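Summary of the model geometry
The primary structure of each chain is shown beneath.
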Amino acid sequence: MNSGLGEFTFKVPGGKLVRATVKFKEKIENAKITGDFFLYPEEAIKDIECCLEFCTPLESEAELATRIAKALAMTRAELHGVSTQDIARAVKGAIQNAK
Amino acid sequence: MALDEACLEGISSGNSPPTIRFYRWQPSAVSIGYFQSLDAEVNLEECGKRGIEFVRRQTGGGAVYHDFEGEITYSILAPENFFPKGITESYREICGMIVSGFGKLGLKAEFKPINDIIVSGKKISGNAQTRRKGVLLQHGTILYGLGLETMFSVLRISQEKISDKMIQSAKERVTCVQEQCDSSYGECLEAIQSAFLEGKNHSFGSWSKDELSRANELAEKKYSAREWNFLR
């Protein structure tokens, strides 16, 4: 799949819900991460979404998780209820679900 | 929400004291967490039909139906250094006040990380926290009564239609003060309030002119605005 728009949602066991909505062609053009998790500071959500842009859809969950972790480290942001791996899983799932 | 933000700004600038407030939502309303999608979480058409308003919070967490009859809502705002530095520890400390309040009603409640309080294994209080401009704001709900039918009509909790099975499932996960004891709404409020104030020098007061003016501005320009509520 070379392009598309996809969404994936899941509830982390014992945690919160995360949803990724991803639009991509050769690269991720737009990623929106929503859910009932907590992130401090809240504005760091933009850092997560920005770091995903320009990733290729072929990157693994682990690679995506590393990118997200680096983005959060820049502002020492803290995620609660979901992890960087959970967000990466949602992004990958959205790409795989794309139409 | 506007009052919370105006108070936060006031505390940050040194013009407002640390504040604890208790309130109820009139009309009943839905609030969603900062990171949620309004369209995904709320049936806006049903809200319109029922005269139920909606607003995005500054804090994370989930979508909440705030029933006028069934809920006590609180906010606590103070400089960050009044609380533990760690997020979980600060939730534990503030939720501990609510646990203590339930204890005054004879209920054995416990804090369940990240942000819930449970009685008999069921959720009776949800809480959400943000830290901005050196001030910690935590607000949350104390469920006095459950209005599940209305809640399911305005919140997109599931893709299934409302069913007895779904309501029964929710009843297994959520409880309220009315289910647990005979306390009145006023007695519940007094118990929670008393627990929050224990050990604290305090005075009962009202909003300052500046706080009200700023809150009115925020209510009009931010919390009523499509740009904010449909942010994500």
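Report on the accompanying structure. (Residues numbered from 1 in each chain as written. Chains lettered and ligands numbered in written order. Predicted model: local features only at pLDDT ≥ 70, side-chain atom pairs only at ≥ 80, totals over all residues. Heavy atoms only, no water.)

1. Some thoughts on the overall build of chain B
Our working rule: Numbered from the N terminus, helices here are DSSP runs of H or I no shorter than four residues, and strands are runs of E no shorter than two. The globule rule used for comparison is 2.2 Å times the number of residues to the exponent 0.38, while the radius of gyration itself is calculated over C-alpha atoms. Under the scheme applied here, a residue whose accessible area is under 20% of the maximum for its type counts as buried, over 50% as exposed, and between as partly exposed, the area being computed with a 1.4 Å probe on protein chains only. Contacts are assigned to residue pairs with any non-hydrogen atoms lying within 4.5 Å of each other. Each accessible area is a Shrake-Rupley estimate made with a 1.4 Å probe; only the visible protein chains count as cover when residues are assessed.
The secondary structure content of chain B amounts to ten helices and nine strands. For chain B, the C-alpha radius of gyration of 17 Å lies close to 17 Å, the compact-globule estimate for 232 residues. For chain B, with 232 residues in total, the buried portion stands at 52%. Look at the contacts in chain B between residues 6 or more apart in sequence, and 71% of them connect residues 24 or more apart. Accessible area of chain B: about 11,200 Å², with a carbon and sulfur share of 47%.

2. Things to note about the packing of aromatic side chains
Residues and elements named next belong to chain B. Convention followed: Pairing of aromatic side chains requires ring centres within 6.5 Å, counting the rings of Phe and Tyr and the six-membered ring of Trp. Pairs whose planes differ by under 30 degrees are stacked, by over 60 edge-to-face, and all others tilted. Any Lys NZ or Arg CZ that is within 6 Å of a ring centre and within 35 degrees of that ring's normal is treated as a charge sitting over the ring.
The full count for this structure, using the stated rule, is twelve aromatic pairs over all chains. Between Tyr-34 and Phe-35, the aromatic rings sit 5.1 Å apart at their centres with planes inclined by 85 degrees, giving edge-to-face as the arrangement. Each member of the pair, Tyr-34 together with Phe-35, is buried. Relative to Phe-196, the ring of Tyr-74 has its centre 5.1 Å away and its plane inclined at 50 degrees; by these criteria the two rings are tilted. Here Tyr-74 is found in strand β5 (residues 71-79), whereas its partner Phe-196 is found in helix α8 (residues 185-197), with 122 residues between them in sequence. Overall, the relative accessible area of 0% leaves Tyr-74 in the buried class. Phe-196 sits in the buried class, given a relative accessible area of 0%. When the ring centre of Trp-228 is taken as origin, the NZ or CZ atom of Lys-222, which lies over that ring, is 4.3 Å away. Between the NZ or CZ atom of Arg-226 and the centre of the ring of Phe-230, over which it lies, the distance is 4.1 Å.

3. Structural notes on the packing of helix α4 (residues 87-104) of chain B against α8(B)
Residue and element names in this part refer to chain B. As a reminder, the rule being used: Lines are fitted to the C-alpha atoms to define the axes, a helix being fitted only along its stretch in contact, and any angle between axes, read from their N-to-C directions, falls within 0 to 180 degrees. Any angle that falls under 35 degrees is termed roughly parallel, while one over 145 is termed roughly antiparallel, one within 65 to 115 roughly perpendicular, and all others oblique. A clockwise turn of the near helix away from the far one marks a right-handed crossing, whereas an anticlockwise turn of less than a right angle marks a left-handed crossing.
Running from amino to carboxyl end, α4 crosses α8 at an angle of 135 degrees, the nearest separation of the two axes being 8 Å. Taken together, the axes of α4 and α8 are oblique relative to one another. Of the two elements, α4 crosses α8, and the hand of that crossing is right-handed. Contacts from Ile-94, Met-97, Ile-98, Ser-100, Gly-101, Phe-102 and Lys-104 in α4 reach Ala-191, Ile-192, Ser-194, Ala-195 and Phe-196 in α8.

4. What about the nonpolar core?
Test applied: In this description, a nonpolar core means a group of buried Ala, Val, Leu, Ile, Met, Phe, Trp, Tyr and Cys residues linked to one another through side-chain atoms lying within 4.5 Å.
Among the nonpolar cores identified, the biggest contains 45 residues, and Val22(A), Ile33(A), Leu39(A), Ile48(A), Leu52(A), Ile87(A) and Val91(A) are the most heavily contacted of them. When residues of this core are assigned to their parent elements, the largest contribution, six residues, is made by helix α3 (residues 84-96) of chain A. Sequence-distant contacts of Leu39(A), that is, excluding residues within four places in its chain, are made with Ala44(A), Ile45(A), Ile48(A), Leu72(A), Ala77(A), Glu78(A), Leu79(A) and Phe35(B).

5. Some remarks on the interface of chain A and chain B
Heads up, the rule is: Buried area adds together the accessible area that both of two parts lose upon being put together, with accessible area traced by a 1.4 Å probe. By definition here, a salt bridge exists when the distance from a side-chain nitrogen of Lys or Arg to a carboxyl oxygen of Asp or Glu is within 4 Å. Here a polar contact means two N or O atoms within 3.5 Å. Within protein one must be a hydrogen donor candidate and the other an acceptor candidate, and residues neighboring in sequence count only if both atoms are side-chain atoms.
Counting residues at the interface gives 18 residues for chain A and 21 residues for chain B. Of the roughly 1,600 Å² buried where chain A meets chain B, counting both sides, 56% is carbon and sulfur surface. Between the two partners, chain A and chain B, sit four salt bridges. A salt bridge links Arg19(A) to Glu41(B), with the shortest nitrogen-to-oxygen separation between them at 3.9 Å. Taken together, chain A and chain B are joined by ten residue pairs in polar contact (both at pLDDT 80 or more). The set of elements that each furnish at least two residues to the side of chain A that touches chain B consists of β3 (28-35), β4 (38-40), α1 (44-52) and β5 (78-80) of chain A. Considering each element in turn, the side of chain A that touches chain B owes the most residues, four residues, to β3(A).

6. Here we look at the environment of Ala73(A)
All names here are of chain A. Along the chain, the position of Ala-73 falls in helix α2 (residues 61-74). Overall, the relative accessible area of 53% leaves Ala-73 in the exposed class. For Ala-73 and Ala-44, which are 29 residues apart along the polypeptide, the C-alpha to C-alpha distance reads 9.9 Å.

7. Remarks on the pattern of salt bridges
Side-chain pairs of opposite charge can arise whenever the charged atoms involved come near each other. Residue and element names in this part refer to chain B. Evaluated as defined, the whole model comprises 18 salt bridges over all chains. When the shortest N-O distance is used, the salt bridge between Glu-80 and Arg-131 registers 3.6 Å. With Glu-80 in the loop between β5 and α4 and Arg-131 in strand β8 (residues 122-132), this pair connects stretches of sequence that are 51 residues apart. Accessibility expressed as a relative area gives 16% for Arg-131, which makes it buried. Ionic pairing is found between Glu-198 and Lys-104, a salt bridge with its closest N-O pair at 2.6 Å. Of this pair, Glu-198 sits in the loop between α8 and α9 (209-223) while Lys-104 is found in helix α4, placing the two residues 94 residues apart along the sequence. Among the residues examined, Glu-198 registers a relative accessible area of 46% and is labelled partly exposed.

8. Focus on α3(A)
Residues and elements named next belong to chain A. We count it as follows: To estimate how far a helix should extend, the number of its residues minus one is multiplied by 1.5 Å.
The terminal C-alpha atoms of α3, which comprises 13 residues, lie 18 Å apart, in line with the 18 Å expected from a rise of 1.5 Å per residue. Extensive coverage of α3 is indicated by the burial of ten of its 13 residues. Thr-84, Asp-86, Ile-87, Ala-88, Ala-90, Val-91, Lys-92, Gly-93, Ala-94 and Ile-95 are the residues of α3 that are buried.

Just geometry here; none of it tells us what the structure is for.
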